[in-house]
Structure formats: C-alpha cells, structure tokens
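# Commentary on secondary and tertiary structure
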Amino acid sequence: MKEDFLHYVWRFKKLKTIALKTVQGQELVIKDFGLYLGIQGPDFFNAQVYIDHQLWAGNVEMHVNASDWYAHHHEIDPAYQNVILHVVWNNDISVLRNDGSEIPTLVLKDFITESVFNAYNQFKQQPQYIFCEDYLQHFNSFDWFLWKEKLMIERLEQFTDRIVHELKQTKNNWEEAFYSMLLRNFGLNINSDAFYEIAKKLPFKIIRKELTNKTHVEALLLGTANLLDNDAEDYYLKTLQKTYFYLQHKYNLKAISNKITYFKLRPDNFPTIRLMQFAAFISNQVFLFDLVKNPEFLCANKNVLKAQPSAYWQTHYVFGKEHTVKNKAISSSFYNLLLINTILPFQYVYHEQLGSDAVDEILQHYQTLPVERNTTVEMFKNMQVPITSSFDSQSVLYLKKNYCDLRRCLNCEIGIKLMNQ
C-alpha cells in the first residue's frame, strides 16, 4: 500500500460517502474534498467537512499509517496546524494537535469497495517494462498529446530550478550562467561535472577577452582541464603549453580538480574534441546570449553548425597521434542535444522571467527536432506510443524517470484513466 492510492481514492471520490464516521465516532459529511496540488505541505487544500454537523474548513492530510504523522515530523511544522481531517489506511496511533486535542481521523479502508482495491492491486502486479504496458492501447493519440504537453512543461520547470540556482550563483549574470551550463553539456554525461568545473575556474569574461585568438581560447580550455600535462613531442602541444603558462599567470587561473575521462567514449566524443568544438562554437557566436534572447535566431543562425576546430584537430584526437584528415565540425545531432538540454530550457526561463509567453513557440521547436536514439524511447515505440519528434521522446523519457520508475502510477494521466475505467 502506498499513499498515492489514498490520494487517488480521495481525489476521484472512490469511497463510499454515506454513513462516514471518524475513528472517534463522529459523523462525517464531506462538502468539498479540497484541491490536490502535489506540492509541499498537506495533501489537499481548502477542504470543507461537517463533523457532527459542525462545518470545518481547512486541509486534509493522508498517511498509510497514522504514526507517519510523527515520523514525518508534522507536529513541529506550522503548515500542518490547520489540518481538519487525517485520512489513514491503518490507525495505529492517535494524533494530537499542539493544544492536546485529537485530530479527527478517517480510516479509508473501511469505506472503499473491494472492486476499487482489487483494481489497484491488479494494476500493480507483475510489472513488465512499465506497469501499464498491457493497457496502453486504451490511451488514444489525443490523450497522449495532452499528457505529453503537460510532461514537457514539468520537464521545463525542472530545468527552471537548475537555471535559477545557476543564476543565483552568478549574481543574475545570464550570459555567465548560460556559458556554464552550455559547457557542462558539451561534456555529455560522463564529463559533465568536469566541464562544469572548467566554466567555474574559467569565467566567460576571460574567454571573451581572448576570443579574437582561437589558439588562446583553446589553450585556456585545455589548460584549465589539465589536458596540457603531456610530454609528447608535438609542436602544437608546446605552443599551447607556452600560451597557457602566460595566460594562467595573467588571469591567476587554477586547473580543475575533477578528473576528465576518455573511458568508453568514441573518438568523436573525446573531451579534447568536445572542448575544441566549444572553442570554435563560441568563436563563431560572439554574442553568446543571442541564442537565448531571440527564439527566432536559432532558425536563421547557421554559424554554430559550421563551428570547426582548428586545423590541428582535423588530424588529431589527442596530442601526438596523427590520423587522416577528418571533419570535426559540430554535427547537427549534437547541436540538437544542446538545443534540447540547454538552449530551449534557457529560453523558457528567460522569457518566463521577462513575463513574455514563449511556451508555445518553444514546444513547437521541440516538435521540429528529430527523435533521440535511446533504449527507453525504443521501448515506448514498441508499445505503439506515438513518437515522431523530440517533443515526444523527451516526454516519454521524463515520464519513465519521474513517474514509471518511481511507481507514481496514480499521479499519471494514463494510470488514472485506466483505474477509472
């Protein structure tokens, strides 16, 4: 038994509402079940109930066991002082207010039908990839679109928290915050923390001063990343080492403590190549924050996709090991990842804080981007879920991680619809 089942029963009024009684023996009549907001604090806000013919207005809190009230330390949280009804599955202890009076308690299992409880148990038994795998055909394409739109908004709000935190760290310097998170995502999952630390050790204001000299920018990035500590007999390495030595003293720079790894990376994803692509990217995009300020700018701007590392890196993945000439420009697929995970979320937060509504435009942009290749996405495709764009794939990735994996079936539109059927 989980709390989400109690929320579901109360939210969708799946209990017998005739002859309700609290464990204290009081007659209970529900006038308004309250609002389920899914935020911190009591579970249902602004409920109204009659207890022994006396109307009470306030909040409703739910627990599997009544003793969870104390386990969650609600007795010392002011947000729970206006709870008018405690709804539980097991009443294992009396719960008291600060004034010593007992909070009226309803034992929910005494007032639901066996069919509702059996449907819940059947739904949660024998999960395959996800619990509702065998029932997804009942969820039509229009319902999917509405649910995926909500999921995308939730996902963008999740990004909002990270971006707002970054803005606080940079004292509301939007360009610096964008630079930090953009560089972080150039590191992909495996080197993201190290690349983020590079951004912190090497502020964008320093990069901007050296943008007219690509060798200087490359030396700053590779030196801060500790990737110039190499004794290979290589002319370009020696040039970068000397350049970084000069710039390090000029700007009083320190290298990162995180260790950058090449483990399990294809050569095109080597940290040296990604850093050099980043150097080319920002050299081609002098006004970096234009990518955020102007949503239409992304469609017209092709410079970022022409970002080509210097000639040396066309024949090298690492120092001292030459190969035949290969184009190492940023690929359209990698640029799409930057759009999905950095640029569009930043646009969402930026325009939200300006008070301008760019949500529809941003969601439409996700719909123009291709589907990412991912095992989770492929599994949903195999279950006949409509997936034709990044809007769809990002939605199901968020759904799997934040609902399916956490067993939040009764907070999910699919689970709710199936249970109601």
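Presented here is a report on the structure given in the accompanying data block. (Residues numbered from 1 in each chain as written. Predicted model: local features only at pLDDT ≥ 70, side-chain atom pairs only at ≥ 80, totals over all residues. Heavy atoms only, no water.)

### Topic: the environment of Lys209
What counts is decided by this rule: Helix numbering and strand numbering both begin at the N terminus, where a helix is a DSSP run of H or I of at least 4 residues and a strand a DSSP run of E of at least 2.
Within the element layout of this structure, Lys209 appears in helix α7 (residues 204-209). Sequence separation between Lys209 and Leu337 is 128 residues, and the spatial gap between their C-alpha atoms is 28 Å.

### Side note on the pairing of strand β6 (residues 83-90)
We apply this condition: Burial classes: relative accessible area under 20% of the type maximum marks a residue as buried, over 50% as exposed, and values in between as partly exposed (1.4 Å probe, protein chains only). Whether two strands pair comes down to DSSP finding at least two bridges between them.
Counting buried positions over the eight residues of β6 gives seven, a clear majority of the element. Here β6 runs beside strand β7 (residues 105-107); their pairing, made up of three bridges, is parallel. The residue of β7 that forms the bridge with Val88 is Val107.

### Here's the deal with the nonpolar core
We apply this condition: We define a nonpolar core as any set of buried Ala, Val, Leu, Ile, Met, Phe, Trp, Tyr and Cys residues linked to one another through side-chain atoms lying within 4.5 Å.
Among the nonpolar cores identified, the biggest contains 77 residues, and Ile207, Leu221, Leu275 and Phe281 are the most heavily contacted of them. The dominant element in this core, judged by the number of residues it contributes, is helix α13 (residues 332-354), at eleven residues. Counting 29 residues, the second largest nonpolar core, distinct from the first, contains Val49, Ile51, Ile84 and Met419.

### Regarding a nonpolar patch on the surface
Put simply, the rule is: Distance thresholds for patches are 9 Å for like charges and 5 Å for nonpolar side chains (Val, Leu, Ile, Met, Phe, Trp, Tyr), applied to residues having over 30% relative accessible area and no salt bridge. The Shrake-Rupley method, run with a 1.4 Å probe, gives the accessible areas here. Residue values count only the displayed protein chains as cover. The rule for a salt bridge is simple: a side-chain nitrogen of Lys or Arg has to be within 4 Å of a carboxyl oxygen of Asp or Glu.
The grouping of Leu35, Leu37 and Ile39 at the surface amounts to a nonpolar patch, some 290 Å² of accessible area in total. The residue Ile39 is located in the loop between β3 (35-36) and β4 (44-51) in this model.

### Some remarks on α13
Selection rule: Two axes enter the bend calculation: one fitted to the seven residues ending at the residue in question, the other to the seven starting there, and the bend is the angle between them.
The sharpest bend along α13 measures roughly 45 degrees and falls at Leu339. Of the residues flanking the end of α13, it is Gly355, one or two places downstream, whose phi is positive at about 85 degrees.

### Quick word on the pairing of β4
The pairing of strand β2 (residues 27-32) with β4 spans four bridges and is classified as antiparallel. For Ile30, the partnering residue across the bridge sits in β4 and is Val49. Where β4 hands over to strand β5 (residues 54-65), the hairpin turn is made up of two residues, of which Asp52 adopts a positive phi near 50 degrees.

### Regarding the side chain of Thr243
This is how it is decided: As used in this structure description, the phrase polar contact means that two N or O atoms lie within 3.5 Å; if the pair is within protein, one of them must be able to donate a hydrogen and the other to accept it, and residues adjacent in sequence are counted only when both atoms belong to side chains. Any pair of residues with heavy atoms lying within 4.5 Å of one another is described as a contacting pair.
With respect to the element layout, Thr243 can be found in helix α9 (residues 235-251). Take Thr243: its relative accessible area is 12%, and that puts it in the buried class. In this structure the side chain of Thr243 is engaged in a polar contact, spanning 2.7 Å, whose partner is the backbone oxygen of Thr239. Once residues lying within four places of it in the same chain are set aside, the contact partners of Thr243 are Thr215, His216 and Ala219.

### Looking at the packing of aromatic side chains
Under the convention used in this document: Any pair of Phe, Tyr and Trp rings, taking the six-membered ring for Trp, is counted once the centres come within 6.5 Å. Such a pair is stacked with planes under 30 degrees apart, edge-to-face with planes over 60 apart, and tilted for the rest. We call a charge positioned above a ring when the Lys NZ or Arg CZ atom is no farther than 6 Å from the ring centre and deviates by at most 35 degrees from the ring normal.
Applying the stated criterion to the full structure yields 30 aromatic pairs. Taken together through their ring pairs, the aromatic side chains of Tyr179, Phe186, Phe204, Phe278, Phe281 and Phe334 make up a single cluster. Lying across the ring of Phe159, Arg162 places its NZ or CZ 4.9 Å from the centre.

### Considering unusual backbone geometry
Of note in the backbone geometry, Ala19 takes a positive phi value of approximately 60 degrees without being a glycine. Within the fold, Ala19 resides in the loop between α1 (3-11) and β1 (20-21). A positive phi angle, near 60 degrees, is found at Arg407, a position not held by glycine. Locating Arg407 in the fold gives a position in the loop between α16 (390-404) and α17 (413-420). On the basis of relative accessible area, Arg407 is assigned to the partly exposed category, the value being 35%.

### Topic: helix α10 (residues 271-284)
The cut-off we apply is this: Helix span, expected: 1.5 Å multiplied by one less than the number of residues in the helix.
With 14 residues, α10 extends 20 Å between its outermost C-alpha atoms, agreeing within 8% with the 20 Å of an ideal straight helix rising 1.5 Å per residue. Of all 14 residues making up α10, twelve are buried, and the element is well covered by its neighbours. Those residues of α10 hidden inside the fold are in contact with α5 (174-186), α6 (188-201), α7, α8 (214-224), α11 (290-293) and α13.

### Observations concerning the packing of helix α4 (residues 141-169) against α17
Each pair of packed helices can be described by the angle between their axes along with the distance between the axes. Quick reminder of the rule: For helices, the axis comes from a line fit to the C-alpha atoms of the stretch in contact; other axes are also lines fit to C-alpha atoms, and the angle between any two N-to-C directions lies between 0 and 180 degrees. What sets the label is the angle itself: under 35 degrees gives roughly parallel, over 145 gives roughly antiparallel, 65 to 115 gives roughly perpendicular, and the rest give oblique. Note that Gly is not counted as nonpolar here; it falls among the polar residues with everything else outside the nonpolar set of Ala, Val, Leu, Ile, Met, Phe, Trp, Tyr, Cys and Pro and the charged set of Asp, Glu, Lys and Arg.
Where α4 contacts α17, the axes come no closer than 10 Å and their chain directions differ by 140 degrees. With respect to their mutual orientation, α4 and α17 come out oblique. On the side of α4, the interface is formed by Asp143, Trp144, Trp147 and Lys150, while α17 contributes Glu413, Ile414 and Lys417. Along the lines of polarity and charge, the residues of the contact of α4 with α17 split into three nonpolar, no polar and four charged.

### Focus on the state of the cysteines
Filter applied, for reference: Cysteine sulfur atoms that come within 2.5 Å of each other are treated as a disulfide pair.
Considering all chains together, one arrives at zero disulfides under this definition. In this structure Cys132 is not part of a disulfide, and its nearest cysteine sulfur, from Cys404, lies 6.0 Å away. Exposure remark for Cys132: the relative accessible area of 9% places this residue in the buried category. Of the cysteine sulfurs around Cys412, a residue in no disulfide, the closest is that of Cys132, at 6.3 Å. A residue is classified by how much of its surface remains accessible, and Cys412, at 7% relative accessible area, is buried.

### Some thoughts on the pattern of salt bridges
For the coordinates displayed, the defined rule picks out ten salt bridges. Put simply, Glu413 and Lys150 hold a salt bridge, and the shortest N to O gap is 3.5 Å. Here the residue Glu413 occupies a position in helix α17, and Lys150 occupies one in helix α4, the gap between them amounting to 263 residues. For the salt bridge of Arg184 with Asp193, the shortest nitrogen-to-oxygen distance reads 3.6 Å. Residue class for Asp193 comes out partly exposed when judged on its relative accessible area of 47%.

### Considering the packing of α6 against α10
To keep it simple, the criterion reads: Crossing handedness follows the turn of the near helix against the far one: under a right angle anticlockwise gives a left-handed crossing, and clockwise gives a right-handed one.
Between α6 and α10, the least distance of the axes is 11 Å, while the angle of their chain directions is 55 degrees. Classified by the interaxial angle, the pair formed by α6 and α10 is oblique. Every pair of crossing elements has a handedness; the one defined by α6 and α10 is right-handed. Residues Leu188, Asn191, Phe195 and Ile198 of α6 lie in contact with α10, whose contacting residues are Pro271, Arg274 and Leu275. For the contact of α6 with α10, the per-class residue count stands at five nonpolar, one polar and one charged.

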